[in-house]
Amino acid sequence: MTGDVTINETASCIVMTTEILRSMLYNGSEIVREMAWVIFDEVHYMRDKERGVVWEETIILLPKEVKYCFLSATIPNSREFAEWIVKIKQQPCSVVYTDFRPTPLMHYIFPTGGSGLHLVVDEHGKFRDANFAKAVAVLETDLDLGKIVEEKKNKKKQQKMTMQQEMKKLIMLIVDKGLDPCIVFSFSKKECEQYSMCLKTCDFNNEDEKAQIDQIYQNAISTLSEDDQ
């Protein structure tokens, strides 16, 4: 259930935004009376300046009979949060945590206009001075004043093209180095479409994967044809 779409509001397990749940609580929805468990994912959003109050109000307004599960990978004061839950809900709250990281955290720099990735912090947390110096040298070269002035003349169009080209280059570097799969964060739906379109000429699948994709496509076409008949 979102602000735009409701698939099955009578299901035994309903997935919804926190805003929808708060609205239900305000309106005295029948669904709230039947709730046994509420799972809050990404509960660190309580620290968000805009949305935090929604999470806090929702937790406070939920009936005390409801049980909870709070999930987060980044909440720093988990024990204080648990103590707050115990206080306002009068029920025990256990903190289950782990410091284990299944994938080592490494930091790379990819300078715009550069030709490669520069590992600056390795999987052991060691800072690579030489690699950082190389990345900075590329960045300093890219900060040529004459080049910046020239780019500003056609800033919008050129910036868009440059970003797409750089994204394509970065993705191809990641795949070549075996660092995929990867997630690209973009805060615009339009940009997501543009980035995906600039990758349409890339081929990242092996022969077996291509055969599977082709089979899925053919099955879908067959199903559509049967429905038309």
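Source: prediction; values computed, not measured. (Residues numbered from 1 in each chain as written. Predicted model: local features only at pLDDT ≥ 70, side-chain atom pairs only at ≥ 80, totals over all residues. Heavy atoms only, no water.)

1. Structural notes on the overall build of the chain
Scanning the chain from N- to C-terminus turns up nine helices and four strands. Within the chain, the fraction of its 229 residues that count as buried is 21%. Considering only residue pairs separated by 6 or more positions, the chain has 53% of its internal contacts joining residues 24 or more positions apart. In the form shown here, the chain has an accessible surface area of approximately 17800 Å², with 55% of it arising from carbon and sulfur atoms. (Helix = DSSP H or I, 4+ residues; strand = E, 2+ residues; numbered from the N terminus. Buried < 20%, exposed > 50% of the residue type's maximum accessible area, 1.4 Å probe, protein only. Contact = heavy atoms within 4.5 Å. Areas by Shrake-Rupley, 256 points an atom, 1.4 Å probe, with all protein chains shown as cover.)

2. Let's talk about the confidence of the model for the chain
Detailed conclusions should not be drawn from predicted coordinates in areas where pLDDT is low. Taken over all residues, the pLDDT of the chain has a mean of 85, while the share at 70 or more is 88%. When mean pLDDT is taken per element in the chain, strand β1 (residues 37-40) scores highest with 96 and helix α6 (residues 145-153) scores lowest with 59. (pLDDT = per-residue confidence, 0-100.)

3. With respect to the nonpolar core
Core analysis: the biggest nonpolar cluster contains 19 residues, and Leu21, Met35, Val38, Phe40, Leu62, Tyr68 and Phe70 have the highest contact counts within it. Among the elements of the structure, α1 (18-27), β1, α3 (52-61), β2 (67-70) and α4 (78-89) are those that each provide at least two residues to this core. Of all the elements, α1 adds the most residues to this core, at four residues. (Core = buried A, V, L, I, M, F, W, Y, C linked by side-chain atoms within 4.5 Å.)

4. A few points about α3
Here α3 has its buried residues at Gly52, Val54, Trp55, Thr58 and Ile59. Angular distribution of buried residues about the axis of α3 spans 165 degrees; they occupy a single face of the element. Where α3 is buried, its residues touch α1, β1, β2 and α4. (Arc of directions from axis to C-beta.)

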